[in-house]
Amino acid sequence: MSIALAFDARPLQDFCDPERVTANDFILSGFDVAGNTSNSYGVAVTSASATTLPGLNSLGLSFLRVDLAPNGFFPPHYHPRATELVVVLKGALEIGFITSNPTYNYFTKVVRKGDVFVVPVGLVHTVRNLARRDTVAMVAFNSQNPGVTNIPNAILAAEPAVNSVYLSKAFRMDVETVKHLQNIF
């Protein structure tokens, strides 16, 4: 006896709901406009996803414009459902990712105008602006919904809070430091 399983990753139709879409579902303006980076991270993200660009629905992609002020950064994070491709249009970013257990190798590069960097699916990665001016990048994901988990927030701002004694043991620091960190998040 044998069992065969098959999967076709290609769409079964041109796009989602072809009877209801219009040409306006396939265009999104504003990617030429810098975002507001006056926040604690110094970043702005403009998104093209199935939510903002309905023509992407069921096509397995999403796209971002990312603006980073000088010293702007994204905290360590990961995307559980997508590989990330970053193209720097202006400035310079330090981008790195950390491999999984048991090696935890950190692969990092300075990515400059015209360079492309890839972050494999599900790996924790870091992004920071090294330029003395604003940096602009375009980011593509091979998923309609890549998801994002910001590591510091996931651990320190969880509701209800993760047990501080547990975290102090996991991070090898005193409980008061953990509680302080939980309070500022």
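Quantities reported herein were computed from a predicted structural model and do not represent experimental measurements.

Draft legend 1. Local environment of the environment of Gly114. For Gly114, the position within the fold is in the loop between strand E6 (106-112) and strand E7 (116-119). In this structure Gly114 comes out as exposed when scored by relative accessible area, which is 56%. In this structure, the C-alpha to C-alpha distance between Gly114 and Asp134, residues 20 residues apart in sequence, is 15 Å.

Draft legend 2. Quick peek at unusual backbone geometry. Cis geometry is adopted by the peptide bond preceding Pro102, which originates at Asn101 and carries an omega value of 15°. Looking at the element boundaries, Pro102 is found in the loop between strand E5 (92-98) and E6. The linkage connecting Glu159 with the following residue, Pro160, adopts the cis geometry, with an omega of -5°. Assignment of secondary structure puts Pro160 in the loop between helix H1 (151-156) and helix H2 (164-171). The phi dihedral of Ser58 is positive, around 75°, even though this residue is not glycine. Considering the arrangement of structural elements, one finds Ser58 in the loop between strand E1 (43-48) and strand E2 (62-68). According to the relative accessible area criterion, Ser58 is partly exposed, its value standing at 37%. At Tyr104, a residue that is not glycine, the phi angle is positive and equals roughly 50°.

Draft legend 3. Inspection of the pattern of salt bridges at higher detail. Under the criterion given, the structure shown has two salt bridges. One salt bridge in this structure joins Asp67 and Arg65, with 2.8 Å as the shortest N-O distance. With respect to burial, Asp67 and Arg65 carry one shared label: buried. A salt bridge links Glu94 to Arg128; the nearest nitrogen and oxygen atoms lie 2.6 Å apart. In this pair, Glu94 is assigned in strand E5 and Arg128 in strand E8 (residues 124-129), connecting sequence segments 34 residues apart.

How each quantity is defined
- Residues numbered from 1 in each chain as written.
- Predicted model: local features only at pLDDT ≥ 70, side-chain atom pairs only at ≥ 80, totals over all residues.
- Heavy atoms only, no water.
- Helix = DSSP H or I, 4+ residues; strand = E, 2+ residues; numbered from the N terminus.
- Buried < 20%, exposed > 50% of the residue type's maximum accessible area, 1.4 Å probe, protein only.
- Salt bridge = Lys/Arg side-chain N within 4 Å of Asp/Glu carboxyl O.

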